[in-house]
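Chain by chain, the residues:
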Amino acid sequence: MIYQLTVPQFHKMLDNLSAILQKAAAYADSKKFDVSVLLNSRLAPDQFALIRQVQIACDTAKLGVARLTGTVDQAPKHADDEATLEQLQQRIRDTQAYLATFSAADFANAATQVITQPRWEGKTLSGEEFLVQHVLPNFYFHITTTYAILRHNGVDVGKKDYLGPMPYRAA
C-alpha cells in the first residue's frame with residue numbers, strides 16, 4: 001500500500017502541477033507579462049516563492065520514496081537553481097522519471113524502515129509514521145501552495161486542475 005500512496009500518486013500530482021504551470025504560462029502570455037513574475041510570487045512575505053514550492057514538492061516526492069526504500073544515497077541531487085518555467089517543468093519530469101524506477105517490491109520493508117534526517121537532531125520515525133505524518137502532508141502542502149499562488153495571481157485554475165483526471169467508471 002505504501003507504494004500506491006507514493007509513486008503513482010506523486011506522479012499524478014506532479015502531472016497536475018505541470019498542467020497548472022502550463023496554465024500560468026498561457027495566462028502570462030495572454031496578459032502580456034513575463035511568467036517569471038508568477039514564478040517569483042509568494043502568498044506572504046515570509047513564505048517561499050512559487051519556484052521554491054515546486055522544488056520542495058519534487059524533493060519531497062523523490063526523497064520520501066528514497067528514504068522509505070532505503071536508497072536515499074542514490075536519489076538524484078538538484079542544484080535548486082531553476083529560474084524559468086521550462087527548468088521547473090524539467091525538474092518535474094526528472095522527478096517523475098526517478099519515481100518510475102521503483103516498483104511495489106521496493107517498498108517491502110518501508111513501513112518499518114527507521115527514518116531520520118539531520119534537522120531532526122537524532123530523532124527517528126518509522127517509515128509508516130514518516131509517510132503519514134511528514135511526506136504526504138509536506139508534498140500536498142507545497143503543491144497546494146503553488147496552486148494558491150497562481151490562483152491568487154489570477155490564473156484560471158480550479159479544483160479539477162488540482163485533482164487532475166479521475167479514473168471514473170460507468171455505474
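Whatever comes next refers back to the structure up there.
In this report, the structure presented in the accompanying data block is examined. The residue count restarts for each chain, going from 1 along the sequence in the order it is written. Residue-level local features of this predicted model are given only where pLDDT is at least 70; pairs of side-chain atoms are given and counted only at 80 or more, and the full residue set underlies all totals for whole chains, interfaces and linings. To get the side-chain values, all heavy atoms of the structure are used, and hydrogens and water are removed first.

Further remarks concern the packing of aromatic side chains. Two rings from Phe, Tyr or Trp (for Trp, the six-membered ring) form a pair when their centres are within 6.5 Å of each other. A pair whose planes differ by under 30 degrees is stacked, one over 60 is edge-to-face, and the rest are tilted. What the rule picks out here adds up to eight aromatic pairs. With 5.8 Å between their ring centres and 80 degrees between their planes, Tyr27 and Phe33 make a pair best called edge-to-face. The classification of residues rests on relative accessible area computed with a 1.4 Å probe and restricted to protein chains. Under 20% of the type maximum is buried, over 50% is exposed, and intermediate values are partly exposed. Exposure remark for Phe33: the relative accessible area of 28% places this residue in the partly exposed category. Both rings, one in Trp120 and one in Phe130, keep their centres 6.0 Å apart while their planes meet at 65 degrees; by these two values the pair is edge-to-face. Of this pair, Trp120 sits in the loop between strand 1 (114-115) and strand 2 (125-126) while Phe130 is found in helix 5 (residues 127-152), placing the two residues ten residues apart along the sequence. Judged by relative accessible area, Trp120 falls into the buried class, the value being 15%. Helix numbering and strand numbering both begin at the N terminus, where a helix is a DSSP run of H or I of at least 4 residues and a strand a DSSP run of E of at least 2.

Let's shift gears to the packing of helix 3 (residues 50-68) against helix 5. Describing two packed helices takes the angle between their axes plus the distance from one axis to the other. Each axis is a line fitted through C-alpha atoms, taken for helices only over the stretch in contact, and angles between the N-to-C directions span 0 to 180 degrees. In the contact formed by helix 3 and helix 5, the axes pass within 9 Å of each other and the chain directions differ by 160 degrees. Here helix 5 runs roughly antiparallel to helix 3, going by the angle between their axes. The two elements helix 3 and helix 5 meet at a crossing, and its hand is left-handed. Of the residues belonging to the contact of helix 3 with helix 5, the class tally is 14 nonpolar, eight polar and one charged. The cut-offs work like this: below 35 degrees is roughly parallel, past 145 is roughly antiparallel, 65 to 115 is roughly perpendicular, and the gaps in between are oblique. A crossing counts as left-handed when the near helix is turned anticlockwise from the far one by less than a right angle, and as right-handed when that turn is clockwise. We call Asp, Glu, Lys and Arg charged. Ala, Val, Leu, Ile, Met, Phe, Trp, Tyr, Cys and Pro are nonpolar, and the rest, Gly among them, are polar.

By definition, a salt bridge exists where a carboxyl oxygen of Asp or Glu is found within 4 Å of a side-chain nitrogen of Lys or Arg. Across all of its chains, the model carries seven salt bridges by this definition. For Arg52, the salt bridge is made with Asp80, and the minimal N-O distance between the two is 3.3 Å. Of the two residues, Arg52 is situated in helix 3 and Asp80 in the loop between helix 3 and helix 4 (85-99); the sequence distance between them amounts to 28 residues. The class of Asp80 is partly exposed, set by a relative accessible area of 32%. By sharing partners, the salt bridges in this structure join Arg52, Asp59, Lys62, Asp80, Glu82 and Arg91 into a single network.

Time to look at the nonpolar core. The nonpolar core is taken to be a set of buried Ala, Val, Leu, Ile, Met, Phe, Trp, Tyr and Cys residues, with the residues joined through side-chain atoms within 4.5 Å. Within the largest apolar cluster, 47 residues are counted, with the highest numbers of intra-cluster contacts made by Leu14 and Phe107. Listed by contribution, the elements that provide at least two residues to this core are helix 1 (2-31), helix 2 (36-39), helix 3, helix 4 and helix 5. For this core, the element with the highest residue contribution is helix 1, accounting for twelve residues. Residues contacting Phe107, with those up to four places away along its chain left out, are Ile2, Tyr3, Thr6, Val7, Val65, Leu68, Thr69 and Phe102. By definition in these notes, contact holds between two residues if any of their heavy atoms fall within 4.5 Å.

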